[in-house]
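One letter stands for each residue in the lines below.
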Amino acid sequence: MEALLSRYRNLTVLLIVVVAQLLYLAYQVKTNRDERLIRVWAVTAVTPMAGIVEAIRHNTIGFLQDYFILLDVREQNRKLKSDNDRLRMENVYYRNELATAEHARALTLFQARTPSKTVAARVIGNSTVETAKAVFVDRGATSGIEKGMAVVTPDGVVGKVIAVYPLVSQVLLITDPTFKVGVESQKGHVHGVLDCGTGKCEVEQIQNEDKVSAGEWFFTSGEDRIFPKGFPVGTVVSSQPGQGMRDIKLNLSGAPGGVEEVLVVLQGVHQAIPSTPPENTESSMLPAPPAETGSDAAQAAKRETEADKVLQKYDEIGKQEGHVFGGVGSNLPNFNVKPEGPATQAATPAAGTSDANVVKTGSQAAVKTSPPSTSAPSSNPAPKPGPSSNPAPKPATAETRPPMNSGPVLPLGAPRHKAVPPIAQPQAQRPPAAPPRPADPQ
Amino acid sequence: MNETSDQILQRPLRESWFSRFQVAALAALTIVAVIGKFYLPRLIPNTEWLELPLLLTVYFGLMRHGPIASLLFGAFVGLAEDSLSPANLPIGMYGITKTLVGYFSASVSMRFNVENSFVRLVLSFFFFFFHAFFYWVMRRALLGQIVPFDPQETFVHGALNAVVALPLFAVLDRMRLSGSV
């Protein structure tokens, strides 16, 4: 034995060393214990050099990079451009992913809301035949899909399953020439057949006597035994009487050719045609803002255009003169007089102070003795204009209006050579009589 | 046999190398080789393929002519390398591999003239490939870790290490000669 060991001494030592390491390794694996002490020693012994090495590296390479920085600017620029292009592509990709996620969320909401039992599917491919409008979805017989089942989206109908495979199904879109859908209008509940084979979707078999207006919604009628009743189909673009049948063009609410996620109706439940148009599930709408009050409302009221002011002024004059705009037999009002009320202030804010002065100094007594009256114009028609109808000034009571014959009635916008004396804004402070107006030189 | 064959198979007659080489220098070289494997890629990028501890083990085995000392040296270098390896790898993987490398390199040096550059080149390449392959086998067999093994990449790295081994061994030869004076 001793001779054997001495003869194979090298091999024996090798076996001992290897087996010892193997046992140590097996012990670590068996106990799942990391020999932390050895590693701590090694790392503690080695890592202090890391700072030195890193300092050498940083200083050396940093100096070289600073020194030769201009040499590789072009390369860096090219690399940055390349990175920028790549990031742009990624941005587009993630935007598409986000849109897909939003659509999937809408599908989930619709799936939870509709009483029909549905299963979501993703469009994975188109048909190889160019003329046939069909797509493949990633759900098949293993998901419970059967031939003839309807395929919808929250926006509208998509098609029906025409072939079922274990993992995929083929869906014939409603835009296929051979596909027809039974539809029903929302308001008049007029039944028809949707045909999108010609490229434009038309609702056929509707009499001319039936009332279908543009903008009206059409829903599935359930008569085709494919789509449950009550799924939105689209809105009427045009509805015109035709030869025997009404010519109705329809705009599909869904986009059968461009959908990515669909719902296959496993068990359809007929629903009533909703009285309101289907809500858009993809966008939310805030409630109307509250009514403005206080200073905001006053500020909004001041935001009037010049046309609004002129219209308001004429309304005031019309009321003041007892004129009914558009009425027959009404007297022609004098638009040259200034109306009473706030419209005058708004229209001529600068002239308000001078008018008040005139009133105070001119006929203070008359102001005090003549109470205002707003009902007078209707019971007391305005005098006809004429130079002789107003020989003397009268007190400016409610019964006495500004003289209509103090001057010629000028057309709107005609130049005036002399300003018409204004009337006080408050009705109680109206002057007793308007000063006589000189004859117009024209 | 021709002259080249004689030169390759001739066993060099020289004194014990280890006795001439300072122990301190050997320890320093070992530490530098082990630590250099972890810091060199920081200093010089794309040098992860350089296996200085392995080359040092091979050189020690080729020059020592003693299998026991070589395998112990290989075990020491390997365990030192293991202590700095990731924590998910138990200590002993590199130890076993380099133990075998040290033993086999010492065994080869007893039959071939390892002073020849071509022999050194071939042996360096061979031991690098053996080291990488055996390490991969151990990870799969002992640890059950499915790690990829790219023979083409290993071949290229082996060739690069063999190219580096020639000047490195020459420098170590000069150190040995200076120590022998």
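This structure is a prediction, so every number in the text was calculated from the model and none was measured. (Residues numbered from 1 in each chain as written. Chains lettered and ligands numbered in written order. Predicted model: local features only at pLDDT ≥ 70, side-chain atom pairs only at ≥ 80, totals over all residues. Heavy atoms only, no water.)

Draft legend 1. Looking closely at the overall build of chain B. What chain B contains, in helices and strands, is eight helices and zero strands. Ordered by position from N to C terminus, the α and β elements of chain B give α-α-α-α-α-α-α-α. Of all 181 residues assigned to chain B, the portion counted as buried reaches 48%. Of the contacts formed within chain B by residues at least 6 apart in sequence, a portion of 74% connects residues at least 24 apart. Total accessible area computed for chain B in this model is approximately 8,700 Å², and 67% of it derives from carbon and sulfur atoms. (Helix = DSSP H or I, 4+ residues; strand = E, 2+ residues; numbered from the N terminus. Buried < 20%, exposed > 50% of the residue type's maximum accessible area, 1.4 Å probe, protein only. Contact = heavy atoms within 4.5 Å. Areas by Shrake-Rupley, 256 points an atom, 1.4 Å probe, with all protein chains shown as cover.)

Draft legend 2. Fine view of the nonpolar core. Counting 45 residues, the largest nonpolar core has Val 58, Leu 62, Leu 123 and Phe 169 of chain B as its most contacted members. Elements with a minimum of two residues in this core: α2 (9-31) and α3 (36-67) of chain A together with α3 (23-43), α4 (52-64), α5 (67-83), α6 (93-109), α7 (117-141) and α8 (151-180) of chain B. When residues of this core are assigned to their parent elements, the largest contribution, eight residues, is made by α4 of chain B. (Core = buried A, V, L, I, M, F, W, Y, C linked by side-chain atoms within 4.5 Å.)

Draft legend 3. Expanded view of the pattern of salt bridges. Residues and elements named next belong to chain A. For the structure on display, the rule yields 13 salt bridges over all chains. Here Asp 83 and Lys 79 are joined by a salt bridge, their closest N and O atoms 3.4 Å apart. Placement of both Asp 83 and Lys 79 in helix α4 (residues 73-113) is noted, with a separation of four residues, approximately one turn of the helix. Judged by its relative accessible area of 22%, Asp 83 falls in the partly exposed class. A salt bridge links Arg 86 to Asp 83; its shortest N-O distance comes to 3.9 Å. One end of the pair is Arg 86 and the other is Asp 83, both in helix α4 and three residues apart, which spans about a single turn. Residue class for Arg 86 comes out partly exposed when judged on its relative accessible area of 43%. One network of salt bridges, with partners in common, ties together Lys 79, Asp 83, Arg 86 and Glu 90. (Salt bridge = Lys/Arg side-chain N within 4 Å of Asp/Glu carboxyl O.)

Draft legend 4. Just the state of the cysteines, in detail. Residue and element names in this part refer to chain A. Here the structure, examined in full by the defined rule, presents one disulfide over all chains. There is a disulfide in this structure between Cys 196 and Cys 201, and the S-S distance comes to 2.0 Å. Note on the Cys 196 and Cys 201 pair: the S-S dihedral is about 115 degrees, so by sign convention the disulfide is right-handed. Taken individually, Cys 196 and Cys 201 each receive the classification buried, so the pair is uniform in this respect. (Disulfide = S-S within 2.5 Å.)

Draft legend 5. Region of interest: unusual backbone geometry. All names here are of chain A. Phi at His 189 is positive, roughly 50 degrees, even though this residue is not glycine. With respect to the secondary-structure elements, His 189 resides in the loop between β6 (180-185) and β7 (191-195). A relative accessible area of 41% places His 189 in the partly exposed class. Although it is not a glycine, Gln 205 adopts a positive phi angle of roughly 60 degrees. Turning to its location among the elements, Gln 205 is positioned in the loop between β8 (201-204) and β9 (217-220).

Draft legend 6. View of the sheet that holds β7 of chain A. All names here are of chain A. Taken together, the six strands give a closed barrel; going around it, the order is β6-β7-β8-β11-β10-β9, and neighbouring strands pair in antiparallel fashion. Going across the sheet, the axis of each strand differs from the next one's by a mean of 40 degrees, ignoring polarity. Taken together, the three bridges between β6 and β9 define a ladder with antiparallel strand orientation. By the bridge assignment for β9, Glu 184 is matched with Phe 219. (Pairing = 2+ DSSP bridges. Axes fitted to C-alpha atoms, helices over the stretch in contact; angles between N-to-C directions.)

Draft legend 7. Focus on helix α6 (residues 306-321) of chain A. All names here are of chain A. Its 16 residues give α6 an end-to-end C-alpha distance of 22 Å, which sits within 8% of 22 Å, the value for a rise of 1.5 Å per residue. Of the residues making up α6, those classed as buried are Tyr 314, Ile 317, Gly 318, Gln 320 and Glu 321. Projection of α6 onto a plane perpendicular to its axis shows the buried side chains occupying an angular sector of 165 degrees, all on one side. Summarising the geometry of α6, the exposed residues directed more than 90 degrees from the buried face are Leu 311 and Lys 319. (Expected span 1.5 Å × (residues − 1). Arc of directions from axis to C-beta.)

Draft legend 8. Inspection of the pairing of β6 of chain A at higher detail. Residue and element names in this part refer to chain A. Within β6, five of the six residues are buried, leaving the element largely enclosed by the surrounding structure. Two strands pair when backbone bridges link them, and β6 and β7 are joined in this way by five bridges, in the antiparallel orientation. Considered in β7, the bridge of Gly 182 is made with Val 193. Counted along the chain from β6 to the antiparallel partner β7, the turn is five residues long, and its residue His 189 has a positive phi close to 50 degrees.

Draft legend 9. View of the pairing of β7 of chain A. Residue and element names in this part refer to chain A. Summarising the sheet, β7 and β8 pair through three bridges and their orientation is antiparallel. Its bridge partner being in β8, Val 193 is matched across the sheet by Glu 204. Remark: five residues form the turn of the hairpin made by β7 and β8, two consecutive strands paired antiparallel; Gly 199 in that turn has positive phi of roughly 100 degrees.

Draft legend 10. A look at the side chain of Ser 185 of chain A. Residues and elements named next belong to chain A. Considering the arrangement of structural elements, one finds Ser 185 in strand β6. For Ser 185, a relative accessible area of 0% puts it in the buried group. Polar side-chain contacts of Ser 185 include one of 3.1 Å to the backbone nitrogen of His 189. Polar side-chain contacts of Ser 185 include one of 2.7 Å to the backbone nitrogen of Val 190. When sequence neighbours within four positions are dropped, the list of residues in contact with Ser 185 reads Val 190, Glu 216, Trp 217, Phe 218 and Ile 273. (Polar contact = N/O pair within 3.5 Å; in protein donor to acceptor, adjacent residues only side chain to side chain.)

Draft legend 11. Layout of the interface of chain A and chain B. Contacts between chain A and chain B engage 27 residues on the former and 28 residues on the latter. Summed over both partners, the interface of chain A with chain B comes to about 2,400 Å²; 75% of that surface belongs to carbon and sulfur atoms. Among the residues of chain A in contact with chain B, Gln 21, Leu 25 and Arg 39 of chain A are the three that bury the most area, contributing 26% of the side total. Taken together, the connections running from chain A to chain B amount to zero salt bridges. Put simply, chain A and chain B have four residue pairs in polar contact (both at pLDDT 80 or more) between them. For the side of chain A that touches chain B, the secondary structure elements donating two or more residues are α2 and α3 of chain A. (Buried area = accessible area lost by both parts, 1.4 Å probe.)

Draft legend 12. Quick look at the side chain of Thr 154 of chain B. Residues and elements named next belong to chain B. Along the polypeptide, Thr 154 turns up in helix α8. Using a relative accessible area of 8% as the deciding quantity, one classes Thr 154 as buried. When residues no more than four places from it in sequence are discounted, the contact partners of Thr 154 are Phe 128, Phe 129, Ala 132 and Phe 149.

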